[in-house]
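Tertiary structure, described
Below, each chain spelled out in residue letters.
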Amino acid sequence: MIAALGQPAPAHTAFAEARFLQVLDRPLVVSGELSWLGDNQLQRRVDKPQQETATIANGEVTQQRAGKSPRHFSLERAPQLQVLLDSFVALLSGDAGRLQQAFEIRQTGDAAAAWTLTLVPRDAKVAKTVASITIDGYARESRCMHMQEADGDLAIDLLGSLATKMPAQPTREALQALCQGTP
């Protein structure tokens, strides 16, 4: 099924993310576009509530916020981010072998209908930050991504056409219902 998810680069998809942080009463909500630019290059452009772009390319992360100078740092300073980058590139390129190197993969559902992939990091350093990543989809389309952090924080991304359905006041339950629904 992972091979069926592969896409030719560049691949772009809209996203809307609700980030549930234990220190806040309400989730932080951002939206924009995720892009796989080919090879080991990813970009996350946030359009709302403020403009910001983060790009990973050539072993470096560049963050650019509207009206500010870009910030750069090496992926060597964030080995967990490097493992996540490798894994997302493997998923987007449909490379199951590469994905299995970094994650234990649990798969439920059917590649022709609703499915769920749960990725649990194999690397102990990564597992101290990211407990699991769950991707819900339907047929060849990834619809939602849930990143459960080891400290209990959770980010839920609605992807593609589902991104426009982010509730004004999102709850974990409402987003889960959207993610599990059929297109």
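Described in the following lines is the structure provided in the data block. (Residues numbered from 1 in each chain as written. Predicted model: local features only at pLDDT ≥ 70, side-chain atom pairs only at ≥ 80, totals over all residues. Heavy atoms only, no water.)

Some details on the nonpolar core
Heads up, the condition is: Side-chain atoms within 4.5 Å link the members of a nonpolar core, which is a set of buried Ala, Val, Leu, Ile, Met, Phe, Trp, Tyr and Cys residues. Summary of the burial criterion: residues with accessible area below 20% of their type's maximum are buried, those above 50% are exposed, and those between are partly exposed, where the area comes from a 1.4 Å probe applied to protein chains only. Secondary structure elements are defined from DSSP: runs of H or I of at least 4 residues count as helices, runs of E of at least 2 residues count as strands, and each element is numbered from the N terminus. We call two residues in contact when some of their heavy atoms are within 4.5 Å.
Of all hydrophobic cores here, the largest spans 32 residues; its most connected members are Leu91, Leu99, Phe103, Ile133 and Ile135. Ranked by the residues each element gives to this core, the list is headed by helix α2 (residues 79-93), at seven residues. If near-sequence neighbours (up to four positions away) are discounted, Ile133 is found in contact with Leu84, Phe88, Phe103, Leu117, Thr118, Leu119, Met145, His146 and Met147. In terms of nonpolar packing, the next biggest core, distinct from the first, is built from 12 residues, Phe20, Cys144, Met166 and Cys179 among them.

Quick look at the layout of surface pockets
Heads up, the condition is: With a 1 Å grid spanning the protein atoms alone, the term cavity applies to any set of points in which a 1.4 Å probe fits but cannot get out, the term pocket to an open set with protein on both sides within 12 Å along at least five of seven lines, and the term lining residue to any residue with an atom within 4 Å of a point. Grid points are joined across faces, edges and corners, and a volume is the space filled by probe spheres set on the points. Residue polarity is assigned by list, with Asp, Glu, Lys and Arg as charged and Ala, Val, Leu, Ile, Met, Phe, Trp, Tyr, Cys and Pro as nonpolar; anything else, Gly included, falls into the polar class.
Volume-wise, the largest pocket comes out at about 1,600 Å³. In terms of residue count, the dominant contributor to the lining of the largest pocket is α2 (seven residues). Looking at side-chain class alone, the lining of the largest pocket contains 27 nonpolar, 13 polar and eight charged residues.

Overview of the sheet that holds strand β7 (residues 103-109)
For the record, the criterion: The pairing criterion is simple: DSSP has to find at least two bridges between the two strands. Helix axes are fitted to C-alpha atoms over the stretch in contact, other axes to C-alpha atoms as well, and angles between N-to-C directions run from 0 to 180 degrees.
The 11 strands are arranged β6-β5-β4-β3-β2-β1-β11-β10-β9-β8-β7 in an open sheet whose pairing can be described as antiparallel. Of all strands in the sheet, those with a lone pairing partner are β6 (71-74) and β7, marking the two edges. Sheet twist, expressed as the mean angle between neighbouring strand axes with direction ignored, is 20°. Sheet analysis places strand β9 (residues 130-138) next to strand β10 (residues 141-149), joined by eight bridges and oriented antiparallel. Residue pairing across strands places Tyr138 opposite Glu141, the latter belonging to β10. Across the sheet, helix α5 (residues 172-180) is in contact with β1 (11-20), β9, β10 and β11 (154-159); its angle to β11 comes to roughly 40°.

Description of the state of the cysteines
Should the sulfur atoms of two cysteines be covalently bonded, the bond is a disulfide. Applicable threshold: Two cysteine sulfur atoms make up a disulfide if the distance between them is within 2.5 Å.
Scanning all chains against the criterion turns up one disulfide. A sulfur-sulfur separation of 2.1 Å characterises the disulfide bridge that pairs Cys144 with Cys179. Between Cys144 and Cys179, the S-S dihedral sits near -100°, and the bridge is therefore left-handed. One end of the pair, Cys144, is in strand β10; the other, Cys179, is in helix α5, and 35 residues separate them in sequence. The burial state of Cys144 is the same as that of Cys179; both residues are buried.

Overview of the pattern of salt bridges
Just so we agree on the cut-off: Put simply, a salt bridge is a Lys or Arg side-chain nitrogen that is within 4 Å of an Asp or Glu carboxyl oxygen.
Under the defined criterion, the tally for this structure stands at six salt bridges. A salt bridge links Glu33 to Arg45; its shortest N-O distance comes to 3.3 Å. Linking Glu33 in strand β2 (residues 28-38) with Arg45 in strand β3 (residues 41-48), this pair joins segments that are 12 residues apart in sequence. Residue class for Arg45 comes out partly exposed when judged on its relative accessible area of 32%.

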